[in-house]
Structures are given as structure tokens and as C-alpha cells.
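# Working through the structure, step by step
Now for the letters of each chain:
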Amino acid sequence: MTKEFITVTEGMSGFFAVHMWFNTEDLDFGFWEPYDTSMGRYATRDEAQVEAMAWADETGKQYRDWE
């Protein structure tokens, strides 16, 4: 199983890229948790996806679309 990936999410500030990781350290079971977010905030998912895919490519992580 992939333990981390980059995706797009939406919050109060708009759409943005987020680095997700599978946390097995804090509880007896694992769960997906945001690790870091990008600086950009966008009005549309498509705009944020451009940054997310570039971030994934630059860091060698998988991009996963959770739309």
C-alpha cells in the first residue's frame, strides 16, 4: 500500500494541494492524515490540480485524484 500521496482538497480558503500520509504512529490502527499543504489557494479544483501534479512530480510521490 502507498503510505503517502499528493491530492487536491477543498477548505474554507478554496481548493489546494495536500500531502497525505498513512499515520500508524498515534493510534493502534492507521488512518490517513494531512501532512502538509501547498501555498496556493485556488477557485477551482482544476487550478489546484496543476500545482498538486507538479508537486507530486517534483517529490517523486504519487498523485491521487480523490474527487
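Residues numbered from 1 in each chain as written. Predicted model: local features only at pLDDT ≥ 70, side-chain atom pairs only at ≥ 80, totals over all residues. Heavy atoms only, no water.

### What about the overall build of the protein chain?
For the protein chain, the helix and strand inventory stands at one helix and three strands. Start at the N end of the protein chain and walk to the C end: the helices and strands fall as β-β-β-α. Its C-alpha radius of gyration of 12 Å places the protein chain within 12% of the 11 Å reference for a compact globule of 67 residues. Principal axes of the C-alpha set define a box for the protein chain whose edges measure 40 × 25 × 20 Å. Here the protein chain, with 67 residues, has 30% of them falling under the buried criterion. (Helix = DSSP H or I, 4+ residues; strand = E, 2+ residues; numbered from the N terminus. Rg over C-alpha atoms; globule rule 2.2 N^0.38 Å. Buried < 20%, exposed > 50% of the residue type's maximum accessible area, 1.4 Å probe, protein only.)

### Observations regarding the nonpolar core
General note: in soluble globular proteins, nonpolar side chains tend to be found buried as a group. Formed by Ile-6, Val-8, Phe-15, Ala-17, Ala-48, Ala-52, Trp-55 and Ala-56, the largest nonpolar core amounts to eight residues. Looking at this core, the elements that each hand over two or more residues are strand 1 (4-11), strand 2 (14-23) and helix 1 (45-59). Examining the composition of this core, we find that four residues originate from one element, helix 1, more than from any other. Ala-56 has contacts with Ile-6, Lys-61, Gln-62 and Tyr-63, leaving out every residue within four places of it along the chain. (Core = buried A, V, L, I, M, F, W, Y, C linked by side-chain atoms within 4.5 Å. Contact = heavy atoms within 4.5 Å.)

### Structural notes on the pairing of strand 1
Pairing geometry for strand 1 and strand 2, over eight bridges, is antiparallel. In the sheet register, Glu-10 faces strand 2, and the bridge partner there is Phe-15. (Pairing = 2+ DSSP bridges.)

### A look at the packing of aromatic side chains
Using the criterion set out here, one finds three aromatic pairs in the structure. Taking the centre distance of 4.9 Å and the plane angle of 65 degrees together, the rings of Phe-5 and Trp-32 count as edge-to-face. One end of the pair, Phe-5, is in strand 1; the other, Trp-32, is in strand 3 (residues 31-37), and 27 residues separate them in sequence. Here the aromatic rings of Phe-22 and Trp-32 are separated by 5.1 Å at their centres, their planes lie at 70 degrees, and the arrangement is edge-to-face. Remark: Trp-32 occurs in strand 3 and Phe-22 occurs in strand 2; sequence separation between them is 10 residues. Each member of the aromatic cluster is reached from another via a ring pair, and the members are Phe-5, Phe-22 and Trp-32. Across the ring face of Phe-16, the terminal group of Arg-41 is positioned such that the distance to the ring centre comes to 4.1 Å. The cationic tip of Arg-64 hangs over the ring face of Phe-5; the distance from NZ or CZ to the ring centre is 4.1 Å. (Phe/Tyr/Trp six-rings, centres within 6.5 Å; stacked < 30°, edge-to-face > 60°. Lys NZ or Arg CZ within 6 Å of the ring centre and 35° of its normal.)

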